[in-house]
Amino acid sequence: MSPLWKASAALSSVRLRATAAATLVVALALGLAALALVAVLRGTLQNNADAEATRKAVAAAPYAETLHLVPATPLSPGESSIAITKDITKDMTKDVTKEGDGGPVAVVGKSGKVQLRDSTTATIADPDLLLTNDKSASATEWAAPQKYAVAGVEVATAAGPAMVWSRVPLEGAEKALQTLYSALLPGVPAVLLVVAGMTWISVGRALAPVAAIRTKVADITARDLHQRVPVPGSKDEIAALATTVNGTLDRLETAVDTHKRFVADAAHELRSPIATLRARLELAEPSELTREALADVERLQSLAADLLILAKLDAGEPLRAAELDLGQVAAEESVRARRRPEVRLELDIEPDVVMKGSRAHLDRLVTNLADNAVRHAASTVRVRVHVEEEQAVLEVQDDGPGIPPEQREAVFARFTRLDEARARDAGGAGLGLAIARDIAHLHGGTLMYADSGFIAKFPLNR
């Protein structure tokens with residue numbers, strides 16, 4: 001399994017996608033909620049400031065109406081205006097002077113008389129209140145819109161109508177918004193991390209039974225169809241999936257058992273008539289026809305024997321194992337294998353290569369490998385037994401054309417023969433190597449093809 005495939009599988013996993021989806025949804029919800037919260041808070045603070053400015057303007061209106069704006073005597077060139085200050089806190093008024101280029105006016109109130117060179121405005125005691133007799137005048141210079149909330153109330157003075165303006169600083173509102181920003185900026189990512197972590201853990205725990213089911217199904221082969229996947233006690237969709245998988249395994253096990261029994265019964269029933277037919281052909285008068293028929297009967301007899309042993313291997317019968325010398329088994333069965341006069345057999349047997357196994361099964365394994373080597377060898381077949389890395393190793397090599405790399409695994413499939421081996425006189429039905437590999441696996445070993453022949457490895461009995 002390549003790293004790229006693993007990375008792709010990890011990125012497409014249900015757990016990761018569920019975590020990403022949950023985090024994205026929460027992020028969108030938190031983002032919209034944060035925007036709404038900021039907008040509502042900003043609007044509320046602005047409205048409160050506007051209401052406070054209006055309240056102050058309304059409260060100052062009665063005092064502003066006591067002021068009297070009248071023209072004053074002109075000041076001499078270069079003469080400064082004079083402010084008369086009195087303690088009039090209780091009257092909420094304070095007379096001030098302002099420099100200006102226009103004609104002077106007099107502001108007359110309970111505090112006395114003040115000459116101003118600006119005919120437009122006068123400031124009441126509170127610095128956030130302003131009185132002006134010019135209703136068209138703007139208060140933006142006195143109260144910047146970004147810094148103050150401004151409200152105006154029209155009043156009637158003795159000199160005519162005027163406007164009382166009040167302002168409320170927005171500094172408190174800005175500080176409140178800054179506090180909110182300082183809480184949201186680190187808070188939202190922290191919440192998203194918590195949501196992602198909790199979703200990852202929760203989905204992982206929810207999918208744990210699925211992983212157990214997948215692992216168990218991956219371990220089940222044709223030899224152990226009796227195994228079943230674990231059914232969680234949650235009684236949810238995953239439990240229903242596990243129950244369905246077990247039901248499918250039940251039906252599959254029944255079908256495979258029926259198939260195995262059929263193959264075994266058919267192979268067993270064929271042995272007797274084939275043996276009888278072979279005996280009659282051997283007793284018949286020799287001819288070309290009888291020789292061909294006898295060769296076909298021998299092939300049928302070998303096929304029936306192969307099918308019978310395959311059925312036994314597939315049935316998972318207990319292995320009757322005992323200690324044996326693999327070198328002795330290899331030497332005896334290699335000599336007994338079918339031989340061609342032009343092919344020489346070489347033995348390289350290391351003594352005392354002891355393992356635990358079934359003598360009948362290992363005899364069949366060596367026979368099948370030796371027959372295959374003799375069939376394809378040019379002049380020499382070499383059988384070698386030795387110990388390598390705490391394993392008993394059996395090598396059956398020949399000097400034939402060999403097997404192409406792309407077909408070295410396919411030759412172990414049942415009823416598989418290479419093109420050059422499909423002739424009727426080549427022998428074999430394509431089951432010998434499949435039987436040999438099944439026997440190797442039954443003994444906890446392996447069987448594969450190397451550059452010059454087949455190599456079987458088994459655990460040593462030590």
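Relevant structure appears above.
Peer 1: How should I be thinking about the sheet that holds strand β12 (residues 391-398) in this particular structure?
Peer 2: Each strand in a sheet pairs with another by means of backbone hydrogen bonds, the pair being arranged parallel or else antiparallel. On the basis of which strands lie adjacent, the open sheet formed by 5 strands has the order β9-β11-β12-β14-β13 and mixed pairing. Each having just a single partner strand, β9 (344-349) and β13 (446-449) make up the two edges of the open sheet. Strand-to-strand twist across the sheet, computed as the mean angle between neighbouring axes with direction ignored, equals 10 degrees. Against the sheet, helix α8 (residues 432-442) makes contact with β13 and β14 (453-459), and its axis sits at roughly 140 degrees relative to β13, the strand it touches most.

Peer 1: Sorry, what's going on with the packing of helix α4 (residues 237-283) against helix α5 (residues 288-314) here?
Peer 2: For any two helices packed against each other, one specifies the crossing angle of their axes together with the interaxial distance. The geometry of α4 relative to α5 is characterised by a closest axis approach of 8 Å and an angle of 155 degrees between their N-to-C directions. Viewed along their axes, α4 and α5 adopt a mutual orientation that is roughly antiparallel. Where α4 crosses over α5, the handedness of that crossing is left-handed. Looking at side-chain class alone, the contact of α4 with α5 contains 16 nonpolar, 2 polar and 6 charged residues.

Peer 1: Is there a simple way to explain the side chain of Thr380 in this structure?
Peer 2: Tracing the sequence through the fold places Thr380 in strand β11 (residues 380-387). Among the polar contacts listed, one links the side chain of Thr380 to the side chain of Ser379, at a separation of 3.4 Å. If sequence neighbours within four positions are ignored, Thr380 has contacts with Val343, Arg344, Glu346, Gln397, Asp398 and Asp399.

Peer 1: How do you make sense of the nonpolar core when you look at a structure like this?
Peer 2: Across soluble globular proteins, nonpolar side chains show a tendency to be buried alongside one another. Formed by 38 residues in total, the largest nonpolar core has its most connected members in Leu326, Leu365, Leu369, Leu394, Leu447, Phe454 and Phe458. Of all the elements in the fold, those that place two or more residues in this core are α5, α6 (326-336), α7 (359-376), β11, β12, α8, β13 and β14. Excluding residues within four positions of it along the chain, Phe454 makes contact with Leu369, Asn372, Leu394, Glu395, Val396, Ile403, Phe412, Leu433, Leu447, Met448 and Tyr449. In this structure, Ala64, Val153, Ala162 and Val164 belong to the second largest nonpolar core, which totals 11 residues.

Peer 1: What should I look at first to understand the pattern of salt bridges in this one?
Peer 2: Here the idea is simple: oppositely charged side chains can pair when their charged atoms come close. Applying the stated criterion across every chain yields a total of 23 salt bridges. In this structure, the salt-bridge partner of Asp250 is Arg228, at a minimum N-O distance of 2.4 Å. Of the two residues, Asp250 sits in helix α4 while Arg228 sits in the loop between α3 (171-219) and α4, which places them 22 residues apart along the sequence. Relative accessible area serves as the criterion here: at 36%, Asp250 is assigned to the partly exposed category. Each member of the salt-bridge network shares a partner with another, and the members are Asp348, Arg382, Arg384 and Glu395.

Peer 1: Is there a simple way to explain the packing of aromatic side chains in this structure?
Peer 2: Centre distance and the angle of the planes are the two values used to describe a pair of aromatic rings. Enumeration over the complete set of coordinates arrives at 2 aromatic pairs. Both rings, one in Phe412 and one in Phe454, keep their centres 5.8 Å apart while their planes meet at 85 degrees; by these two values the pair is edge-to-face. Placement of the pair is Phe412 in the loop between β12 and α8 and Phe454 in strand β14, with a sequence separation of 42 residues. An identical accessibility class is assigned to Phe412 and Phe454; each is buried. Measuring from centroid to centroid gives 5.0 Å for Tyr449 and Phe454, while their planes differ by 75 degrees, and the two rings are edge-to-face. The class of Phe454 is buried, set by a relative accessible area of 3%. Among the aromatic residues, ring-to-ring pairing joins Phe412, Tyr449 and Phe454 into one connected group. Cation over ring: Arg167 sits above Tyr148, and NZ or CZ is 4.7 Å from the ring centre. One cation-aromatic arrangement involves Arg437 over Phe412; the distance from NZ or CZ to the ring centre is 3.8 Å.

Quick notes on the rules
Residues numbered from 1 in each chain as written. Predicted model: local features only at pLDDT ≥ 70, side-chain atom pairs only at ≥ 80, totals over all residues. Heavy atoms only, no water. Pairing = 2+ DSSP bridges. Helix = DSSP H or I, 4+ residues; strand = E, 2+ residues; numbered from the N terminus. Axes fitted to C-alpha atoms, helices over the stretch in contact; angles between N-to-C directions. Contact = heavy atoms within 4.5 Å. Parallel < 35°, antiparallel > 145°, perpendicular 65-115°, else oblique. Left-handed = near helix turned anticlockwise from the far one by under 90°. Nonpolar A, V, L, I, M, F, W, Y, C, P; charged D, E, K, R; others polar. Polar contact = N/O pair within 3.5 Å; in protein donor to acceptor, adjacent residues only side chain to side chain. Core = buried A, V, L, I, M, F, W, Y, C linked by side-chain atoms within 4.5 Å. Buried < 20%, exposed > 50% of the residue type's maximum accessible area, 1.4 Å probe, protein only. Salt bridge = Lys/Arg side-chain N within 4 Å of Asp/Glu carboxyl O. Phe/Tyr/Trp six-rings, centres within 6.5 Å; stacked < 30°, edge-to-face > 60°. Lys NZ or Arg CZ within 6 Å of the ring centre and 35° of its normal.

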